[in-house]
Amino acid sequence: MVFRIKNKNVMEKQIIKKNNDVKDILRKLWLSRNGEVASQMQRYGMVYRKNLGVPISRIREIASDYAPSSETAEQLWALHEREPMLMALLLQPINNFTWEMAQSWAQDCGNIEIIEFACMHLFSKLSFAEKLCCEWCASEKEQFQMMGFILSARNYQHFSDENRNFIIEKAFEKSATENFQLYKAISLALCRFCRCGKSVAELISRKLNNFLPQPTTGQQYIIEEVKSEMIFLELL
């Protein structure tokens, strides 16, 4: 059971009655800590409430010792610390992860590492992933937009024509952003959609021409990445 108490600064404190697996996982993570890696991550802008610097490979190794469990995953996620959150994404069962839970967990994805990991290991496997993409790409919040486009890139083969075109439209609407991680995510989604066929690639190519003659930094990045993808796919 999790009790949440908000103080005057709207910071959440959580008192968690941990199950035995959670206690064991936290012990293994602590023993695997690497302060040098944690410091390097902080210098590169990956800021967490707590970061032990445990390598992803070690987190995967620890996770492999445990069966998927909603209780364990939710308790780990509620800690809002790097390694427990990554572990939670590996241990959360897909079949009982609801739309409401997806929205709640997405709100907690505070940096690009967690966003990419969540899209890869959890959100992309959900039966309603396509709907999540459409909603998040249309969001006014950049955090959700990044998740939407990253998730779209991962699941690009599983869209209806209508929803794929909707996300392409949103990609071009958001393309003037100055947020590097966002325009990088947009370019990745557009590159993946180019693999859906020549007609889709031609649609994207025509829209890229609207960036000229004075594209923003992000739009120039998108142009270069998408054109490189089209050359690779022998579409140019």
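Conventions adopted
- Going along each chain's sequence as written, the residues are numbered from 1 onward.
- Thresholds applied to this predicted model are a pLDDT of at least 70 for local features of residues and 80 or more for the giving and counting of side-chain atom pairs; totals over whole chains, interfaces and linings are not thresholded and use all residues.
- Only hydrogens and water are set aside when side-chain values are computed; all heavy atoms of the structure are taken into account.
- Starting at the N terminus, helices and strands are each numbered in turn, a helix being any DSSP run of H or I of at least four residues and a strand any DSSP run of E of at least two.
- We compute the radius of gyration over the C-alpha atoms and compare it with the globule rule, which gives 2.2 Å times the number of residues raised to the power 0.38.
- For the exposure calls, accessible area comes from a 1.4 Å probe over protein chains only, and a residue counts as buried if that area is under 20% of its type's maximum, exposed if over 50%, partly exposed in between.
- In what follows, a contact means two residues having at least one pair of non-hydrogen atoms within 4.5 Å.
- Areas reported here follow the Shrake-Rupley algorithm with a probe of radius 1.4 Å; residue values treat only the protein chains shown as occluding.
- Charge assignment in this entry is limited to Lys and Arg as positive and Asp and Glu as negative, and neither His nor the chain termini are counted.
- A charged residue contributes its charge at one atom only: NZ of Lys, CZ of Arg, CG of Asp or CD of Glu.
- Salt bridge, as used here, is a side-chain nitrogen of Lys or Arg placed within 4 Å of a carboxyl oxygen of Asp or Glu.
- Under this definition, polar contacts are N or O atom pairs within 3.5 Å; protein pairs additionally need one hydrogen-donor-capable and one acceptor-capable atom, and for neighbouring residues in sequence, both atoms have to be side-chain atoms.
- Each nonpolar core is a collection of buried residues, namely Ala, Val, Leu, Ile, Met, Phe, Trp, Tyr and Cys, held together in the definition by side-chain atoms within 4.5 Å.
- Inter-axis angles, ranging from 0 to 180 degrees, are taken between N-to-C directions of lines fitted to C-alpha atoms, where helices are fitted over the stretch in contact.
- Any angle that is under 35 degrees is reported as roughly parallel, and any over 145 degrees as roughly antiparallel; angles of 65 to 115 degrees are reported as roughly perpendicular and all others as oblique.
- Take the far helix as the reference: if the near one is turned anticlockwise from it by less than a right angle, the crossing is left-handed, and if turned clockwise, right-handed.
- Multiply 1.5 Å by the residue count of a helix minus one, and that product is the helix's expected span.

Draft legend 1. Highlighting the overall build of the protein. Counting its regular elements, the protein contains 13 helices and two strands. Taken over the C-alpha trace, the protein has a radius of gyration of 20 Å; the compact-globule value for 236 residues is 18 Å, and the two agree within 12%. Once the C-alpha set of the protein is aligned to its principal axes, its extents read approximately 55 × 40 × 35 Å. Going through the 236 residues of the protein one by one, you find that 49% of them count as buried. In the protein, once contacts between residues fewer than 6 apart in sequence are set aside, the share between residues at least 24 apart is 69%. About 12700 Å² of surface is accessible on the protein, with carbon and sulfur atoms providing 49% of the total. For the protein, the distance from the average position of its 30 positive side-chain charges to the average position of its 28 negative side-chain charges is 5 Å.

Draft legend 2. The pattern of salt bridges, seen in detail. Following the criterion strictly, the structure yields ten salt bridges and no others. With a closest N to O distance of 3.6 Å, Lys28 and Asp24 form a salt bridge. Of this pair, Lys28 and Asp24 both sit in helix 1 (residues 20-31), four residues apart, which is roughly one turn of that helix. Given the relative accessible area of 18%, Lys28 is considered buried. You can call Asp24 partly exposed: its relative accessible area is 25%. Between Arg82 and Glu113 there is a salt bridge whose closest N-O contact spans 2.9 Å.

Draft legend 3. Region of interest: helix 4 (residues 70-77). A large share of helix 4 lies buried, amounting to six of its eight residues. All of the buried residues in helix 4 are Ser70, Thr72, Ala73, Gln75, Leu76 and Trp77. The residue sitting at the N-terminus of helix 4 and contributing the capping side-chain oxygen is Ser69; that oxygen lies 3.4 Å from the backbone nitrogen of Glu71.

Draft legend 4. Up close: the side chain of Glu83. Examined against the element boundaries, Glu83 turns out to sit in helix 5 (residues 82-91). If we skip the residues at most four places from it in the chain, Glu83 touches Leu29, Lys50, Asn51, Leu52, Gly53, Val54 and Ile59.

Draft legend 5. View of the nonpolar core. Counting residues in hydrophobic clusters, the biggest one holds 73 residues, and the most contacted among them are Phe123 and Ile204. Excluding residues that lie within four positions of it along the chain, Ile204 makes contacts with Ile168, Phe172, Leu190, Phe193, Cys194, Val226 and Met230.

Draft legend 6. Local environment of the packing of helix 6 (residues 99-108) against helix 8 (residues 129-137). Relative orientation of the contacting elements helix 6 and helix 8 amounts to 45°, with a least axis distance of 12 Å. What the angle tells us is that helix 6 and helix 8 run oblique. Helix 6 and helix 8 meet at a crossing whose hand is right-handed. Residues Trp99, Ala102, Gln103 and Ala106 of helix 6 touch helix 8, and the partners they reach there are Lys131, Leu132, Glu135 and Trp136.

Draft legend 7. Structural view of helix 11 (residues 180-193). For helix 11, which comprises 14 residues, the first-to-last C-alpha distance of 20 Å matches the rise-based estimate of 20 Å (1.5 Å per residue) to within 8%. Along helix 11, the positions that sit buried rather than exposed are Leu182, Tyr183, Ala185, Ile186, Ser187, Ala189, Leu190, Cys191 and Phe193. In this fold, the buried residues of helix 11 make contact with helix 9 (142-154), helix 10 (161-173), helix 12 (198-208) and helix 13 (217-232). The N-cap of helix 11, judged by a side-chain oxygen 3.0 Å from the amide nitrogen of Gln181 a few residues on, is Asn179.

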